[in-house]
Amino acid sequence: MYLQKRGRILRKNAAIRSLVAETLLTPGDFMVPLFIDEGENVATPIPSMPGYCRYSLDLTLKEVKELWNMGIKSILLFVKAKDEVKDNTGQEAWNPDGLMQRSVRAIKDAVPDMVVMTDVALDPYSIYGHDGIVKDGEILNDETVEALVRMSLSHAEAGVDFVAPSDMMDGRIHAIRKAFEENGFTRTGILSYSAKYASCFYGPFRDALDSAPGFGDKKTYQMDPANRREALKEALLDVEEGADMVMVKLAMAYLDIIREVKDAVTVPVSAYHVSGEYAMIKAAAQMGWLDEDKAILESLTSIKRAGTDLIATYFAKRAVELLG
């Protein structure tokens, strides 16, 4: 049989496959989400995220140093607020001596070149577990944006490299950028969660921070999973308002959205490989239904192949180990 083209020639062995691989993972592709708690020498396992913990700040600093030494250059911080500081205004979110602000200062002192990004949303500080201020069962947009601006300014004052608004309130990117410019934070960036979908895959994350909504759901501000064009509209609007990077959340079930956003914008695109996606792989591996290490690399490769420049993933450390 004569064939003009034989595609299998380029798949003959591992060496050839590596030569022609179109998508390569590196430690610089990953951003590590870190959950921080009060206390000292505290490592609290998260039952729905096997192998992942919420750390006190002293142990977080050790973790950050290890990540840096592995070649990982970016982290995304979340804090667990104590119940006694939660209210409906979110005022603890801009406390200059709050856990987030102390964490940013300590990490930048310990590993100055680590790129530190901070979650900006009110749900960890809300008695209702929502991303905004609540009135008569409604999540208020404009009042919440004012709170997010104060929160972002406090993170900038602490020395963060990027704030990462994850709330999906309208107009918050413009308001934060304007506040940064007016207050001299011209080198502080914004990574906007531009297309954050209302997903069931966030469940384990909410266990990690005790931030599940106390009533209703988040569908009036997070996006409908059925929508595609809306993601492009939101991403383009955030870029216009001053976002330095945009994010699609979540990742594996939304690879089509990642690709379309990447094609539409001229800023870097990130994606969040979320807690539910992590938990599915861990659970299936524990049952012996798939090879965990192969699933990690295949899933992360697919996310990068779709167009991401930066992947937030709980698998980052293991992926770097596997990449050698």
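See above for the structure.
Predicted model, so just to flag it, every value in this text is computed and none were measured. (Residues numbered from 1 in each chain as written. Predicted model: local features only at pLDDT ≥ 70, side-chain atom pairs only at ≥ 80, totals over all residues. Heavy atoms only, no water.)

Undergrad: How do you make sense of the overall build of the protein when you look at a structure like this?
TA: From N to C terminus, the protein includes 11 helices and 12 strands. For the protein, whose C-alpha radius of gyration is 20 Å, the value lies close to the compact-globule estimate of 20 Å for 324 residues. C-alpha extents for the protein along the principal axes are approximately 75 × 45 × 40 Å. When the 324 residues of the protein are sorted by exposure, 53% land in the buried category. Counted over contacts in the protein with a minimum sequence separation of 6, partners at least 24 positions apart contribute 73%. As displayed, the protein has an accessible area near 15000 Å², and 51% of this comes from carbon and sulfur atoms. Side chains of the protein give 38 positive and 49 negative charges; the mean places of these two sets differ by 9 Å. (Helix = DSSP H or I, 4+ residues; strand = E, 2+ residues; numbered from the N terminus. Rg over C-alpha atoms; globule rule 2.2 N^0.38 Å. Buried < 20%, exposed > 50% of the residue type's maximum accessible area, 1.4 Å probe, protein only. Contact = heavy atoms within 4.5 Å. Areas by Shrake-Rupley, 256 points an atom, 1.4 Å probe, with all protein chains shown as cover. Lys, Arg positive; Asp, Glu negative; His and termini not counted. Charge placed at Lys NZ, Arg CZ, Asp CG, Glu CD.)

Undergrad: For this particular structure, what's the right way to read the layout of surface pockets?
TA: In this approach a probe as big as a water molecule rolls over the atoms, and the regions it shows empty are the leftover space. Empty space within the largest pocket amounts to approximately 280 Å³. When contributions to the lining of the largest pocket are tallied by element, the ones reaching two or more residues are strand S1 (30–37), strand S3 (53–56), helix H9 (275–286) and helix H11 (316–323). Looking at which element gives the most residues to the lining of the largest pocket, the answer is S1, with 4 residues. Within this model, the second largest pocket holds a volume of roughly 190 Å³. Lining the second largest pocket are 13 residues, and of these Met168, Asp170, Thr220, Tyr221 and Gln222 lie nearest its centre. A class-by-class count of the residues in the lining of the second largest pocket yields 5 nonpolar, 3 polar and 5 charged. (1 Å grid on protein atoms, 1.4 Å probe; cavity = no way out; pocket = protein on both sides within 12 Å on 5 of 7 lines; lining within 4 Å. Points joined across faces, edges and corners; volume = space filled by probe spheres on them. Nonpolar A, V, L, I, M, F, W, Y, C, P; charged D, E, K, R; others polar.)

Undergrad: What is the right way to look at the packing of H9 against helix H10 (residues 292–305) in this model?
TA: The relative placement of two packed helices is expressed as an angle between their axes plus a distance between the axes. For the pair H9 and H10, interaxial distance at closest approach is 9 Å and the crossing angle is 155 degrees. Taken together, H9 and H10 sit at an angle that is classed as roughly antiparallel. Between H9 and H10 the crossing geometry is right-handed. In contact with Ile281, Lys282 and Ala285 of H9, H10 contributes Glu292, Ala295 and Ser299. Taken together, the residues of the contact of H9 with H10 sort by class into 3 nonpolar, 1 polar and 2 charged. (Axes fitted to C-alpha atoms, helices over the stretch in contact; angles between N-to-C directions. Parallel < 35°, antiparallel > 145°, perpendicular 65-115°, else oblique. Left-handed = near helix turned anticlockwise from the far one by under 90°.)

Undergrad: Could you clarify how one ought to interpret the side chain of His130 in this entry?
TA: Tracing the sequence through the fold places His130 in the loop between strand S5 (115–120) and strand S6 (134–135). At a separation of 2.9 Å, a polar atom in the side chain of His130 contacts the main-chain carbonyl oxygen of Phe215. Residue contacts for His130: discarding those within four places in its chain leaves Leu122, Asp123, Ile139, Pro213, Phe215, Asp217, Lys218 and Tyr221. (Polar contact = N/O pair within 3.5 Å; in protein donor to acceptor, adjacent residues only side chain to side chain.)

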